[in-house]
Amino acid sequence: MTSTTEAHTRWQQARHRAVTAPTGNLALIETRWGASDTEAALEGQPATVTATRLVRRDPRTGAEEHGVRLWDAASPAIKTFEKIDTFPYDPEWVLEGRYVDVPGERRVPFQHAQDTGFTRDLPVPGDLHVTIAGQDYVLNAFDDDGTLLLVFGDPTNGKVTYGAGRFLVVERKPFTDTAVLDFNRAFVPPCGFSEHYNCPMPPPQNRIAVPVSAGEKLPLFSN
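The rules behind each value
Every chain is numbered independently, its residues counted from 1 as its sequence is written. Under the rules for a predicted model, residues below a pLDDT of 70 receive no local features and side-chain atom pairs below 80 are neither given nor counted, while totals for whole chains, interfaces and linings still include all residues. Hydrogens and water molecules were not included; the side-chain quantities draw on all heavy atoms of the structure. Put simply, DSSP H or I for four residues or longer makes a helix, DSSP E for two residues or longer makes a strand, and each gets a number counted from the N terminus. Summary of the burial criterion: residues with accessible area below 20% of their type's maximum are buried, those above 50% are exposed, and those between are partly exposed, where the area comes from a 1.4 Å probe applied to protein chains only. Each pair of strands is called paired provided DSSP finds at least two bridges between the two strands. Axis angles are defined between N-to-C directions and span 0 to 180 degrees, where every axis is a line fitted to C-alpha atoms and, for a helix, only to the segment in contact.

Enquirer: Which residues make up unusual backbone geometry, and what values go with them?
Expert: Positive phi values are uncommon outside glycine, yet Ala133 reaches one of about 50 degrees. With respect to the helices and strands, the residue Ala133 is situated in the loop between strand S8 (126-132) and strand S9 (135-139). On the accessibility criterion, Ala133 (62% relative accessible area) is exposed. Its identity as a non-glycine residue notwithstanding, Asp145 has a phi of 55 degrees, on the positive side. By secondary structure assignment, the location of Asp145 is in the loop between strand S10 (141-144) and strand S11 (147-152).

This is how it looks when you write it as structure tokens:
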């Protein structure tokens, strides 16, 4: 193996560990809004279940909402999970683009999978200018706690990859305006592992016209 493919294999192994962890994507069995007492939420639950608190702003009113999430380290999803199916590593899908800061605070509307009739405004601090298969794009990656997270769609969605699109962490080269989009590390969003997540969907500007045959396809489970 080359160092590049070795690094990619390590990334895939880290993804497997992350989604199967006791509080990984496959472990989420309930998101209970309007609750804050984790001990009460655990009543009647098996010993494999843990509870965590979460807070959000209501997208329509701006009011602070509290909730509890329940995680089962022995969930049926974890027990039947086999692997995440992926495309073979392809260096042609490691692309460089240009990141352009946007002055001031900008928030861009993103529809979420379980929301109906409204969007959530997410912070998009700059534009990603990148050429893919000869076509120029201006993509919007939002600020996810200091990480640039691109939510994108392409013609593989719903056929060989997750139907609602995929996520990609965009790396920026220090002290430059260069952004690296390694689509080999495109990954299935949390809602592809548990229905109790509410994931952002790709906005129109993040829909890529050609099939992105790189990265994760779908999680596979035993019967």
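Enquirer: Describe the sheet that holds S10, listing the residues and the values that go with them.
Expert: Spatial strand order, S9-S8-S5-S13-S12-S11-S10: seven strands in an open sheet with antiparallel pairing. Either end of the sheet is taken by a strand with one partner, and the two such strands are S9 and S10. Direction aside, neighbouring strands of the sheet carry axes that sit 35 degrees apart on average. Where S11 lies against strand S12 (residues 166-172), five bridges are found, and the strand directions are antiparallel.

Enquirer: Kindly report on the pairing of S8, identifying the contributing residues and their values.
Expert: For S8, the tally of buried residues reaches five of seven residues, placing the bulk of the element in the interior. Pairing analysis gives four bridges linking strand S5 (residues 94-101) to S8, with the strands arranged antiparallel. What sits directly across from Asp101, in S8, is Gly126. In the sheet, S8 pairs with S9 via five bridges, with the strands oriented antiparallel. By the bridge assignment, Leu128 is partnered in S9 with Leu139.

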